[in-house]
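Each chain is listed here by its residues.
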Number of protein chains: 2
Amino acid sequence: MSAPSLRARVRSEMSQEIKDVARRHLATDGANLSLRAVARDLDIVASALYRYFPSRDALLTALIIDAYDALATAATEADAAVPRDDLRGRWLAVCRAVRTWALAHPAEYGLIYGAPVPGYAAPQDTVEPASKVILLLVDIVVDGLGRLQPLKASPLTTPLRADLRRLIEQRHSDLLEERLDRVLVAWTHLFGVLNFEVFGRLDEMIEARAENFDHHMALMADLTGLPR
Amino acid sequence: MSAPSLRARVRSEMSQEIKDVARRHLATDGANLSLRAVARDLDIVASALYRYFPSRDALLTALIIDAYDALATAATEADAAVPRDDLRGRWLAVCRAVRTWALAHPAEYGLIYGAPVPGYAAPQDTVEPASKVILLLVDIVVDGLGRLQPLKASPLTTPLRADLRRLIEQRHSDLLEERLDRVLVAWTHLFGVLNFEVFGRLDEMIEARAENFDHHMALMADLTGLPR
DNA sequence: CTGGAGTGAGAACAGTGTTCTCGAATAAGT
DNA sequence: ACTTATTCGAGAACACTGTTCTCACTCCAG
């Protein structure tokens, strides 16, 4: 669409460069990101950053959104690379992609799945990319309707069933509440294992991390009723 | 024993008071804890804090240790209040106690189960209280040996089995590798749900939080083979 | 060609963790 | 009981931080 106005182009390039440097600092300093240090690396004075991001929080928010997006595309691409009817293959591919990304970018993972800073309200821009992974898992199960294994009974209480019903109607898929429940269990577990692994809670306990992860996610596939 | 030397007593009282104030600040400011703000609340100058804690990190470490201890005793007491042979009752009591504590102290929970700051190595003092919850869960299962339900097959790879074997021998209990594996799955899941709930990832998804939690942990009890 | 917008530099302000020095108070040793 | 040593808090100082303002300079549009 017409001229991106050279100035606008170098501007977005500069924004990108700032985020890249900030990301690099994130990896070593964690969430205590120093604007002045970022500026130094860019041979720029700190106040100049404010032409691109109105505050430190805004920069962090941009990094958070980027992280969600990167994770989502990694998972989506992994899913797309597996034949549609290989449900377990897709399931494992998505889970492994999430893990691979998380291990490759621990600081950014911590930014989005660690403890949020109190008072920092996640902007609306983050909710859509944040829900991408669970939607992928749901899609896999939906694609398997008719071939899924029956679930061992585990009764849902009425209020919980209502929550599930609401979620199903929002996306107007036609899953049973029990089935969606299991997907949510699996989704919860996925990030439970990853938090433990990325945050170092498995150190000196489990050495066979990859095997452990695959095993956990296979159990979750069973629990969800994916056919073998 | 003997004389706690009045000076040592007021010293430990002061340390306690500092931690209390710091805890209060933690709840509102998150991990960016300001020493000077804490000092102000105590009508003390910031440098005076260094008589009690050699650095800000040291104060945070003390808070972390306290948090682990508080969580561990909450869980232990909950377990002790249920008849020994009511395995599922004990299981649910422990899980609920962890949840209750986490929801009552979200900032401290985030401190110990959120993303760790890079470069901050958890001191040795934290590993023992940190493993208390999983040990409680293991104990419940061990107390049920002979009454446990057989596990649906889900083969363990050799390296993973070796990890589990090593853990079993460290504590010289006589669990099967498969059984310990399920306890670890349940343990992982416990903190997976709690991270989601405490860090707000269930907002606008699940309203029936308590029911959801109980349901998840009951599923984990099933998966571990606790008799009904 | 000229006004206006976009950009970066620099100074300034309030806040931070940390170190050091210096009196005052308290405990310990003789 | 008197002196010596230790502990404590205050205060100043240093090197940082995020943020705001003002001031030049450059670029593009009318």
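The coordinates are above.
Residues numbered from 1 in each chain as written. Chains lettered and ligands numbered in written order. Predicted model: local features only at pLDDT ≥ 70, side-chain atom pairs only at ≥ 80, totals over all residues. Heavy atoms only, no water.

Caption draft 1: Region of interest: the overall build of chain A. Counting its regular elements, chain A contains ten helices and zero strands. Listing every helix and strand of chain A by position from the N terminus yields α-α-α-α-α-α-α-α-α-α. By principal-axis analysis of the C-alpha atoms, chain A measures approximately 60 × 50 × 35 Å. A total of 228 residues make up chain A; the buried ones form 50% of that total. For chain A, contacts bridging at least 24 residues in sequence account for 72% of all contacts bridging at least 6. By element, 54% of the accessible surface of chain A is carried by carbon and sulfur atoms, the whole surface being about 11100 Å². (Helix = DSSP H or I, 4+ residues; strand = E, 2+ residues; numbered from the N terminus. Buried < 20%, exposed > 50% of the residue type's maximum accessible area, 1.4 Å probe, protein only. Contact = heavy atoms within 4.5 Å. Areas by Shrake-Rupley, 256 points an atom, 1.4 Å probe, with all protein chains shown as cover.)

Caption draft 2: Molecular detail of the protein's contact with DNA strand C. Residues in contact with DNA strand C amount to 22 residues; listed here are only the nearest, Ser47(A), Tyr52(A), Leu35(B), Arg36(B) and Tyr50(B). Backbone atoms, meaning sugar and phosphate, make up 54% of the atoms of DNA strand C lying within 4 Å of the protein. Between DNA strand C and the protein, one listed contact pairs a phosphate oxygen with a backbone N or O atom of Val45(A) at 2.8 Å. In the environment of DNA strand C, a base nitrogen lies 2.5 Å from a nitrogen or oxygen atom belonging to the side chain of Arg36(B). Of all elements in the fold, only α1 (6-29) of chain A together with α1 (6-29) and α2 (35-41) of chain B reach the threshold of two or more residues within the surface near DNA strand C. In terms of residue count, the dominant contributor to the surface near DNA strand C is α2(B) (three residues). Residue composition of the surface near DNA strand C, grouped by class: eight nonpolar, four polar and ten charged. (Near = heavy atom within 4 Å. Polar contact = N/O pair within 3.5 Å; in protein donor to acceptor, adjacent residues only side chain to side chain. Nonpolar A, V, L, I, M, F, W, Y, C, P; charged D, E, K, R; others polar.)

Caption draft 3: Summary view of the pattern of salt bridges. Residues and elements named next belong to chain B. Summed over the entire model, instances satisfying the criterion amount to 32 salt bridges over all chains. Asp79 is the partner of Arg90 in a salt bridge, and the nearest nitrogen-oxygen pair spans 2.8 Å. Here Arg90 is found in helix α4 (residues 87-104), whereas its partner Asp79 is found in helix α3 (residues 56-80), with eleven residues between them in sequence. Given a relative accessible area of 6%, Asp79 falls into the buried group. The salt bridge partner of Arg165 is Glu177, with a shortest N-O separation of 2.9 Å. One end of the pair, Arg165, is in helix α8 (residues 158-170); the other, Glu177, is in helix α9 (residues 177-198), and twelve residues separate them in sequence. Here Arg165 falls in the partly exposed class, since its relative accessible area comes to 32%. You can call Glu177 buried: its relative accessible area is 10%. (Salt bridge = Lys/Arg side-chain N within 4 Å of Asp/Glu carboxyl O.)

Caption draft 4: Main features of the packing of α4(B) against helix α5 (residues 106-113) of chain B. All names here are of chain B. At a minimum axis distance of 5 Å, the contact between α4 and α5 shows a crossing angle of 110°. Overall, the two elements α4 and α5 adopt an arrangement that is roughly perpendicular. Touching Trp101, Ala102, Leu103 and Ala104 of α4 are Pro106, Glu108, Tyr109 and Ile112, all from α5. (Axes fitted to C-alpha atoms, helices over the stretch in contact; angles between N-to-C directions. Parallel < 35°, antiparallel > 145°, perpendicular 65-115°, else oblique.)

Caption draft 5: Spotlight on the packing of aromatic side chains. Under the criterion given, the structure shown has twelve aromatic pairs over all chains. With a centroid separation of 4.2 Å and an interplanar angle of 20°, the aromatic rings of Tyr113(A) and Phe191(A) are classed as stacked. Residue Tyr113(A) is located in helix α5 (residues 106-113), and its partner Phe191(A) is located in helix α9 (residues 177-198); the two are separated by 78 residues in the primary sequence. Assigned by exposure class, Tyr113(A) and Phe191(A) land together as buried. Among the aromatic residues, those joined into a ring-pair cluster are Tyr68(A), Tyr109(A), Tyr113(A), Trp187(A), Phe191(A), Phe199(A) and Phe196(B). (Phe/Tyr/Trp six-rings, centres within 6.5 Å; stacked < 30°, edge-to-face > 60°.)

Caption draft 6: The protein's contact with DNA strand D, seen in detail. The full set close to DNA strand D counts 21 residues, and Leu35(A), Arg36(A), Tyr50(A), Ser47(B) and Arg51(B) are the nearest of them. Those atoms of DNA strand D that come within 4 Å of the protein belong to sugar or phosphate at a rate of 49%. The separation between a phosphate oxygen of DNA strand D and a polar main-chain atom of Val45(B) is 2.8 Å. One of the side-chain N or O atoms of Tyr52(B) is found 2.8 Å from a phosphate oxygen in DNA strand D. Elements that contribute at least two residues to the surface near DNA strand D include exactly α1 and α2 (35-41) of chain A together with α1 of chain B. The element that contributes the greatest number of residues to the surface near DNA strand D is α2(A), accounting for three residues. In terms of residue class, the surface near DNA strand D is made up of eight nonpolar, four polar and nine charged.

Caption draft 7: Structural context of the relation of the copies chain B and chain A. For the pair chain B and chain A, the best superposition has an RMSD of 0.1 Å and corresponds to a rotation of 180° with a translation of 0.0 Å parallel to the axis. The transformation just described matches what one would write down for a two-fold rotation axis. Closest approach to the rotation axis within chain B is made by the C-alpha atom of Gly192(B), at a distance of 1.9 Å. Same-surface contact between copies: 100% of interface residues of chain B are shared with the interface of chain A. (Least-squares fit on C-alpha atoms with pLDDT ≥ 70 in both.)

Caption draft 8: Examining the interface of chain B and chain A more closely. At the interface, 49 residues of chain B touch 49 residues of chain A. Summing the contributions of chain B and of chain A, the shared interface buries around 4100 Å²; its carbon and sulfur component is 68%. Looking at the side of chain B facing chain A, the largest losses of area belong to Phe196(B), Arg201(B) and Met205(B), adding up to 15% of the total buried there. Counting residues per element, the ones that place at least two in the side of chain B that touches chain A are α1, α5, α8, α9 and α10 (209-224) of chain B. Counting residues per element, the side of chain B that touches chain A draws most heavily on α9(B), which supplies twelve residues. Along the lines of polarity and charge, the residues of the side of chain B that touches chain A split into 26 nonpolar, 13 polar and ten charged. (Buried area = accessible area lost by both parts, 1.4 Å probe.)

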